[in-house]
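Remarks on the overall topology
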Amino acid sequence: MNEVPNISLNVHNRKKTQGKHGKNKEKQYMATARPLERTEINAMLAEFKGLYRDRNKALFLLGLTTGFRISELLSLTISDIVDESGAIVEALTVSRGRMKGKKRSRSVWLSEQVRAVIDDWCNQLRKLGFRAGNEYAFCQANGEPISYYEYWDIVKRTARRAGLSPIRGVSTHSMRKTFARNVWRDAKRRERGGEHIDAWKVVQEALGHKSIESTQHYMNFLDRNEIKSSVIAAQEAVLCHSE
């Protein structure tokens, strides 16, 4: 069964996201979204179906591994993901004008595994006749980009097929929160290993937040004890270096 709703719905959904109701819904999904565990990710990857399976898998993996918002990923064109030689770019860049807040651009390196999945979708794009650099990278058959709500629906239905529980909290923003959680865990591991880094600042930079407070509010899924131990460890590190 095709994953993508009727093309006519795409126009309706794009208009919907521009209204107050759509923006409020998007904020709600962001606030309640939860990160995914590795077993859940693997289960979902196995359940993407239909004509646009490769597109939907590529978007899913990009969200998980780069931390870009789904709106930023959906704004990408073919020239953003494919270089002049026809190869998938080694680092994905979203320009300032397409970033939330439009303050600065952001670039993230891509692993070979992620690049291979993107390449699968690009090969399908070429077969569908999409080759121009200014055409949307994650589009429908008519060349129009899919909307935020369409991909939200695809993620939700895929999660249900994969048997994720609880299903509440699984949304497109789960991808960015999974990225944030994984960066946090790696930074904490490095801290415990003796590196002089601040895990909060590492996550702040990775997410592109303006302040530590924004990052701490965003990471509301962390266990309070985990946060407490991190804060105490940071305080002790300061006291140790000041002696």
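The model shown is predicted, which means the values in this text are computed figures rather than measured ones.

Notes on the packing of helix 4 (residues 53-66) against helix 9 (residues 173-192)
Relative to each other, helix 4 and helix 9 sit at 35 degrees, their axes nearing to 6 Å. For the pair helix 4 and helix 9, the crossing hand works out as right-handed. Facing Leu59, Phe60, Gly63, Leu64, Thr65 and Thr66 of helix 4, the residues of helix 9 in contact are Met175, Arg176, Thr178 and Phe179.

Topic: unusual backbone geometry
The omega torsion of the bond from Ser165 to Pro166 falls at 0 degrees, within 30 degrees of zero and hence cis. Mapped onto the secondary structure, Pro166 falls in the loop between helix 8 (148-161) and helix 9.

Examining the pairing of strand 1 (residues 91-94)
Because side chains alternate across strand 1, one face comprises the buried residues Leu92 and Val94, and the other comprises Ala91 and Thr93, none of which is buried. Summarising the sheet, strand 1 and strand 2 (residues 106-109) pair through four bridges and their orientation is antiparallel. When the bridges of strand 2 are listed, Val94 appears paired with Arg106.

Considering the confidence of the model for the chain
In the predicted model, the chain carries a mean pLDDT of 82, and 79% of its residues have values of at least 70. Averaged over each element, pLDDT in the chain is lowest for helix 1 (residues 7-18) (39) and highest for helix 3 (residues 38-45) (96). Confidence drops under a pLDDT of 50 for residues 1-22, and excluding neighbours within four residues, the segment shows 41 contacts in the predicted structure.

As for the packing of aromatic side chains
As enumerated under the stated definition, the model contains four aromatic pairs in all. With a centroid separation of 5.3 Å and an interplanar angle of 85 degrees, the aromatic rings of Tyr148 and Tyr149 are classed as edge-to-face. Since its relative accessible area comes to 9%, Tyr148 is described here as buried. Tyr149 sits in the buried class, given a relative accessible area of 10%.

Focus: the pattern of salt bridges
Side-chain pairs of opposite charge can arise where the charged atoms are in close proximity. The tally for this structure, following the rule as stated, stands at 11 salt bridges. Glu37 is the salt-bridge partner of Arg181, the closest N and O atoms lying 3.3 Å from each other. Separated by 144 residues along the polypeptide, Arg181 in helix 9 and Glu37 in the loop between helix 2 (20-32) and helix 3 bring together distant segments of the chain. Residue Arg181 is classed as buried on the basis of its relative accessible area of 5%. With a relative accessible area of 36%, Glu37 lands in the partly exposed category. Residue Glu195 is joined to Arg190 by a salt bridge in which the shortest nitrogen-to-oxygen separation is 3.3 Å. A residue is classified by how much of its surface remains accessible, and Arg190, at 25% relative accessible area, is partly exposed.

The rules behind these values
- Residues numbered from 1 in each chain as written.
- Predicted model: local features only at pLDDT ≥ 70, side-chain atom pairs only at ≥ 80, totals over all residues.
- Heavy atoms only, no water.
- Axes fitted to C-alpha atoms, helices over the stretch in contact; angles between N-to-C directions.
- Helix = DSSP H or I, 4+ residues; strand = E, 2+ residues; numbered from the N terminus.
- Left-handed = near helix turned anticlockwise from the far one by under 90°.
- Contact = heavy atoms within 4.5 Å.
- Buried < 20%, exposed > 50% of the residue type's maximum accessible area, 1.4 Å probe, protein only.
- Pairing = 2+ DSSP bridges.
- pLDDT = per-residue confidence, 0-100.
- Phe/Tyr/Trp six-rings, centres within 6.5 Å; stacked < 30°, edge-to-face > 60°.
- Salt bridge = Lys/Arg side-chain N within 4 Å of Asp/Glu carboxyl O.

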